[in-house]
Each structure stands twice: as C-alpha cells, then as structure tokens.
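Summary of the model geometry
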Amino acid sequence: MDTRLAPHQSTIQHLINLPHLEPVGRHLQRQGRKASLTGGYTAKYCGDMTADQRAQVAHWIFDNIEEAQETVVQWLGCGAFVHALSIMLASNKRCILEADPDHPRDGTTDVQEEFILEAA
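Residues numbered from 1 in each chain as written. Predicted model: local features only at pLDDT ≥ 70, side-chain atom pairs only at ≥ 80, totals over all residues. Heavy atoms only, no water.

Quick notes on the nonpolar core
In plain terms, the rule: Here, nonpolar core means buried Ala, Val, Leu, Ile, Met, Phe, Trp, Tyr and Cys residues that are tied together by side-chain atoms lying within 4.5 Å of each other. Burial classification: accessible surface area is computed with a 1.4 Å probe over protein chains only, and a residue below 20% of its type maximum counts as buried, one above 50% as exposed, and the rest as partly exposed. A run of H or I in DSSP becomes a helix once it reaches four residues, and a run of E becomes a strand once it reaches two; helices and strands are each numbered from the N terminus. The criterion used for residue contact is that any of the two residues' heavy atoms lie within 4.5 Å.
Grouped together as the largest cluster of nonpolar side chains are 20 residues, with contacts concentrated most on Leu5, Ile12, Ile16, Val57 and Ile61. Elements supplying a minimum of two residues to this core: helix H2 (9-17), helix H4 (51-64) and helix H6 (79-92). Residue contributions to this core peak at seven residues, all from H6. Among residues more than four places away in sequence, those in contact with leucine 5 are Ile12, Val57, Trp60, Ala84, Ile87 and Met88.

Right under this line is the structure:
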C-alpha cells in the first residue's frame with residue numbers, strides 16, 4: 001500500500017489541509033441521495049474495495065500524513081480519503097484500464113496516469 005500511496009502523499013496532505021471540503025455523506029444528502037447506513041462520513045462509492053481495504057487506506061493516512069491523527073473527523077470520508085481510495089482502485093484495476101480502447105497508449109506517462117486515475 002505504501003508503494004502506491006506514498007508518491008501521492010503531498011496531494012493527500014494538501015487535500016487534508018483544505019478546510020472547505022465537506023464529508024462525502026453530507027454532499028450526497030445535499031444532492032438528495034442517501035448517505036451510507038454505516039455513517040454520514042463514509043465514502044459510499046469505492047468500487048469493489050472491501051471494508052478492510054478501506055480501513056487499511058485510512059490507517060495509512062492516519063500513520064503517514066502530518067496532523068491526520070488530530071483531524072480524523074475532518075478527512076475521513078472527505079476528499080483526501082476518497083482520493084486515496086481512487087489511487088488504490090486505479091492501482092488494483094490498472095491492467096483492466098490499460099486494456100480500455102480509450103486508453104492513450106501513444107500518450108505520455110503523465111497522460112496515461114491521468115486517464116487511469118480518472119477512470120478509477
């Protein structure tokens with residue numbers, strides 16, 4: 001997990017430091033959707049990741065991101081957590097996403113990586 005998330009540590013740190021991001025559950029409620037029954041601070045759409053895998057991502061953030069231990073309520077279920085989940089999904093599904101006919105095979109590494117992250 002560290003090898004997948006560590007390269008994105010500064011982005012995750014930046015997202016945690018943004019005070020205006022709201023919990024995903026609250027955002028869904030404002031759109032007229034139901035938040036997860038497991039709590040309003042739950043990232044509801046996380047592909048086929050198990051609860052254990054999502055907990056491992058949260059634990060990685062807790063251990064590796066500055067001030068995360070003091071601000072769990074602000075980031076759990078918010079943009080930083082969801083971004084980390086997307087990184088893990090992209091990593092888990094890389095082979096499938098690279099086989100997608102729209103994958104920019106002739107593009108730069110950055111363009112290919114952006115495609116995979118957006119698709120995840």
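Once the structure has been displayed, the description carries forward.
Brief notes about the pattern of salt bridges
How we decide: Every case where a carboxyl oxygen of Asp or Glu lies within 4 Å of a side-chain nitrogen of Lys or Arg is listed as a salt bridge.
In this structure the tally under the stated criterion is three salt bridges. Between arginine 94 and glutamate 113 there is a salt bridge, with the nearest N and O atoms lying 2.8 Å from each other. One end of the pair, arginine 94, is in helix H7 (residues 94-98); the other, glutamate 113, is in helix H8 (residues 109-119), with 19 residues separating them in the sequence. A network of salt bridges, in which partner residues are shared, links Arg94, Glu98 and Glu113.

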